[in-house]
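# Structural overview for review
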Amino acid sequence: MSEVKIRNLHKSYGSVDVLKDNNLIVENGAFVVLVGPSGCGKSTLLRCIAGLEPISSGTITIGGKTVNDLPPAQREIAMVFQSYALYPHMDVYGNMAFGLKFAKTPRPEIDARVAEAARILQLEPLLKRRPRELSGGQRQRVAIGRAIVRKPQVFLFDEPLSNLDAALRINTRVEIAKLHKMLAATIVYVTHDQVEAMTLADKIVVMNKGRIEQTGKPLDLYYKPANLFVAGFIGSPAMNFLAATVKDGKTLELADSQHLNVPLPAASKPGDQVTLGCRPEHMRLGGDGTLALKGTVDIIERLGETGFAHIRMATGQTIIAEVRGDPGTSPGASATLSLAPAQLHLFDASGQRLG
Amino acid sequence: MRRNISAIAVHGILGLYTLLALFPILLVIFNSFKTKNAIFGAPLTLPTPSTFSLVGYNRVFGDSAVGSYYVNSIAVTAGTIFFTLLFGAMAAWALTEYRFRWNTLLALFFSIGIMVPIRLGSVAIIQLVVSLNLINTRTALILVYTAQNLPLSIFILSEFIAQIPKDLREAARCDGLSEYNIFFHIVLPLIRPAMATVAVFTMIPVWNDLWFPLLLAPTGGKQTITLGIQQFLGQYITDWNAVLAALSTAIIPVLLLYVVFSRQLIRGLTSGAVK
Ligand SMILES: Nc1ncnc2c1ncn2[C@@H]1O[C@H](COP(=O)(O)OP(=O)(O)OP(=O)(O)O)[C@@H](O)[C@H]1O
Ligand SMILES: [Mg+2]
């Protein structure tokens, strides 16, 4: 059992509150990914779990044991740093064996564990090399190896792939996913990269300004974002938002006086301010006009088979819609956008999801 | 072509400077191998078969005390280097890594030590050493020199320790190392080049110092070599053969220590730690 439970966690540096009332459960064997804008406290949360930062209040339990006051070494965690943090004066073997030596592990046991990790990570030919003689990807694998040999209850990764080039990042991402299956490890993983988050996670935690905005399965966050922040953060390009006012039970009036017939939740009253959200990939150029927006084509970005059309509304707001194949229009032309009714999101004035 | 000329000019200037710096030393070494008459008759010539003489060396090594002066000097210098590096690195580590109440004040206190010459406190130091019953001991010299060299070494080492990536120390903490082990197994190996620099800075003034040996260990067989040589300089006659021979041999240990440390000076160890 290596469940991580975080209850009412507060962390402040002096008068600055960096983490506010965080609650999170990382189930045994789960792969949990923390995402959020830069400076929102992801690393801080991870370092609090690791014991590298003292917490201001709240409790952290790992495997049923409250670890608030335990030093990192006694929490049975292993951390992989963004900068790899390999010991430069030791070879690869030395780096992986270092912690075990200080834990007074018997020598044959150390050798066996290092050999095992080296085999899994294909580091066998490199055991005698110093970190400066390794490529970025190899260093990354050594850093992961150093974590594996300690057989921790929980692995903590802080943006482990962000220093790798795009191709290597994809490879290593797949490797980490395999590793997670093989070791049945509990992992908390911080990343900036949406694709990493969506593909690796059993559960994504979206953070903003020190708070956890939403926790859920990747597709749940995508299809049912709990609030405006999560809706705008998950998905790329970001979801389009349109300010609107409720007209009657099934009509919205947009800022530029267009009317849309949208299924509205029963509780909404005429005059309510709402925000309508629709992802670029759920919009089409052209269409029948039942659920359509009118505007002018600004630019069209073609990425190959797919592309993005930037449509300027009468209010000056730009809406991005995905196009496939030949969009059949060009900048300056007027355009109609059709929305898929089932894929619309509605948020109330305070930003919370409606319905 | 242009580059060639400027390279020659640079090398010429540097070569000239080297010659200038080495000249007195070479003069001492040449003349230590000459007879007394030749030293005064033709001080600038190399020893020839007719003027060659080892009389100075014979006298220096014949004097049983001189051997122990060497031992004193080496012990004092080595002891000073050891304690300066150990305590300097420890203090630097504590001041850079840990935030505690008197941190800034303590750092300031140490940096004042760089600015105030320790010799101003000679009287107080003598009183202290006397009341500790340490007069005429090597321990007294080592303690005073360590105190003298600590401020600057803390200053230099702090700069280097601050450059060790934070992640590295935290990785070690996750690996279960105690703070002492982090210091000895991560920090010390990584600041070796800086320590070599400090060692060289420390070593030469200590080896050459005459002041504190004269005040704190002038007799009792605990004189250092710089002080011990003074016995050959009389009020009426000076035994130049012996003085020159003693000076020449006094260069050797410093040279050896320098060779040892300079190998470390060149290395950049942190490359490959992060990114
Ligand atoms: N030692 C510190 N003292 C004061 N404030 C700090 C300290 N460390 C971090 N912070 C602040 O805490 C906030 C969260 O930092 P943190 O490193 O957790 O962000 P992050 O989400 O990991 O960002 P990034 O994605 O850029 O790595 C930031 O606003 C930062 O300025
Ligand atoms: Mg971070």
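Quantities reported herein were computed from a predicted structural model and do not represent experimental measurements. (Residues numbered from 1 in each chain as written. Chains lettered and ligands numbered in written order. Predicted model: local features only at pLDDT ≥ 70, side-chain atom pairs only at ≥ 80, totals over all residues. Heavy atoms only, no water.)

## Overview of the domain arrangement of chain B
It is common to give the size of an interface as the accessible area lost on bringing the parts into contact. All names here are of chain B. Looking at the assigned domains, one finds that chain B contains domain 1 (22-53) and domain 2 (63-270). Averaged C-alpha coordinates put domain 1 and domain 2 at centres separated by 34 Å. Taken together, the 10 residues of domain 1 in the interface contact eight residues of domain 2. Interface area, domain 1 with domain 2, both sides summed: about 700 Å², of which 68% is carbon and sulfur. (Domains from an automatic or database assignment. Contact = heavy atoms within 4.5 Å. Buried area = accessible area lost by both parts, 1.4 Å probe.)

## With respect to the site of ligand 1
All names here are of chain A. Taken together, the residues surrounding ligand 1 are Tyr13, Val18, Ser38, Gly39, Cys40, Gly41, Lys42, Ser43, Thr44, Glu159 and His192. Contacts to ligand 1 include serine 38, whose side-chain N or O atom sits 2.5 Å from an oxygen atom. Per-element accounting of the shell around ligand 1 gives the leading share, three residues, to helix H1 (residues 42-50). Among the residues forming the shell around ligand 1, the class breakdown is three nonpolar, six polar and two charged. (Near = heavy atom within 4 Å. Polar contact = N/O pair within 3.5 Å; in protein donor to acceptor, adjacent residues only side chain to side chain. Helix = DSSP H or I, 4+ residues; strand = E, 2+ residues; numbered from the N terminus. Nonpolar A, V, L, I, M, F, W, Y, C, P; charged D, E, K, R; others polar.)

## Some points on the pattern of salt bridges
Residues and elements named next belong to chain A. Enumeration over the complete set of coordinates arrives at 19 salt bridges over all chains. Between glutamate 27 and lysine 203 there is a salt bridge whose closest N-O contact spans 3.4 Å. Of this pair, glutamate 27 sits in the loop between strand E2 (16-26) and strand E3 (31-35) while lysine 203 sits in strand E9 (residues 203-208), and the two are 176 residues apart along the sequence. Residue lysine 203 is classed as buried on the basis of its relative accessible area, which comes to 16%. (Salt bridge = Lys/Arg side-chain N within 4 Å of Asp/Glu carboxyl O. Buried < 20%, exposed > 50% of the residue type's maximum accessible area, 1.4 Å probe, protein only.)

## Overview of the interface of chain B and chain A
Across the boundary between the two partners, chain B contributes 23 residues, which contact 24 residues of chain A. Summing both partners gives a buried area of about 2,100 Å² for chain B against chain A, and 61% of it is carried by carbon and sulfur. Linking chain B with chain A are two salt bridges. Residue glutamate 170 of chain B pairs with arginine 47 of chain A through a salt bridge whose shortest N-O separation is 2.4 Å. At the boundary of chain B with chain A, the tally comes to six residue pairs in polar contact (both at pLDDT 80 or more). Contributing elements (two or more residues each) for the side of chain B that touches chain A: helix H8 (166-174) and helix H9 (179-190) of chain B. The dominant element in the side of chain B that touches chain A, judged by the number of residues it contributes, is H8 of chain B, at eight residues.

## A few points about the pairing of strand E10 (residues 211-216) of chain A
Residue and element names in this part refer to chain A. Pairing between E9 and E10: five bridges, direction antiparallel. The partner of valine 205 across the bridge, within E10, is threonine 215. Remark: two residues form the turn of the hairpin made by E9 and E10, two consecutive strands paired antiparallel; lysine 209 in that turn has positive phi of roughly 50°. (Pairing = 2+ DSSP bridges.)

## Describing the sheet that holds strand E5 (residues 65-66) of chain A
Taken in spatial order, the four strands line up as E2-E1-E4-E5 (chain A) in an open sheet, and their pairing is antiparallel. If you trace the sheet from one side to the other, it starts and ends with E2 and E5 of chain A, each paired once.

## Describing unusual backbone geometry
Working note: non-glycine residues mostly have negative phi, and peptide bonds are mostly trans. All names here are of chain A. Cis geometry marks the peptide bond from serine 236 to proline 237; its omega dihedral reads -5°. Of note, the phi angle at asparagine 8 is positive, near 50°, even though the residue is not glycine. Mapped onto the elements of the fold, asparagine 8 is located in strand E1 (residues 4-13). Using a relative accessible area of 40% as the deciding quantity, one classes asparagine 8 as partly exposed.

## Let's talk about the nonpolar core
Leu156 of chain A together with Ile186 and Ile191 of chain B are the most contacted members of the largest nonpolar core, which totals 81 residues. Considering each element in turn, this core owes the most residues, 10 residues, to helix H4 (residues 64-97) of chain B. Contact partners of isoleucine 191 of chain B, with chain neighbours within four places excluded, come to Ala89, Leu157, Phe160, Ile161 and Ile164 of chain B. Core analysis: the next-biggest nonpolar cluster, separate from the first, contains 46 residues, Val35, Ala97, Ala118 and Val142 of chain A among them. (Core = buried A, V, L, I, M, F, W, Y, C linked by side-chain atoms within 4.5 Å.)

## Structural notes on the confidence of the model for chain A
Taken as a whole, chain A shows an average pLDDT of 90; of its residues, 99% reach a score of 70 or greater. Of all the helices and strands in chain A, strand E13 (residues 259-261) of chain A carries the lowest mean pLDDT, 84, while E3 of chain A carries the highest, 96. (pLDDT = per-residue confidence, 0-100.)

## Brief notes about the side chain of threonine 224 of chain B
All names here are of chain B. Following the sequence through the fold, threonine 224 ends up in the loop between helix H11 (211-216) and helix H12 (225-228). When its relative accessible area of 5% is taken as the criterion, threonine 224 is described as buried. In this structure threonine 224 touches Tyr69, Asn72, Ser73, Leu141, Asp209 and Pro213, once residues within four positions along its chain are discounted.

## A short note on the packing of aromatic side chains
Per the counting criterion, the structure on display carries 16 aromatic pairs over all chains. With a centroid separation of 6.2 Å and 80° between ring planes, the pair formed by phenylalanine 241 of chain A and phenylalanine 347 of chain A is classed as edge-to-face. Here phenylalanine 347 of chain A lies in strand E20 (residues 345-347) and phenylalanine 241 of chain A lies in strand E11 (residues 240-248), a separation of 106 residues in the sequence. A relative accessible area of 0% places phenylalanine 347 of chain A in the buried class. Ring geometry for phenylalanine 183 of chain B versus phenylalanine 184 of chain B: centroids 5.0 Å apart, planes at 75°, classification edge-to-face. Taken together, the ring pairs in this structure connect Phe31, Phe155, Phe157 and Tyr189 of chain A into an aromatic cluster. Geometry around tyrosine 87 of chain A places arginine 146 of chain A over its ring, the cationic atom sitting 4.8 Å from the centre. (Phe/Tyr/Trp six-rings, centres within 6.5 Å; stacked < 30°, edge-to-face > 60°. Lys NZ or Arg CZ within 6 Å of the ring centre and 35° of its normal.)

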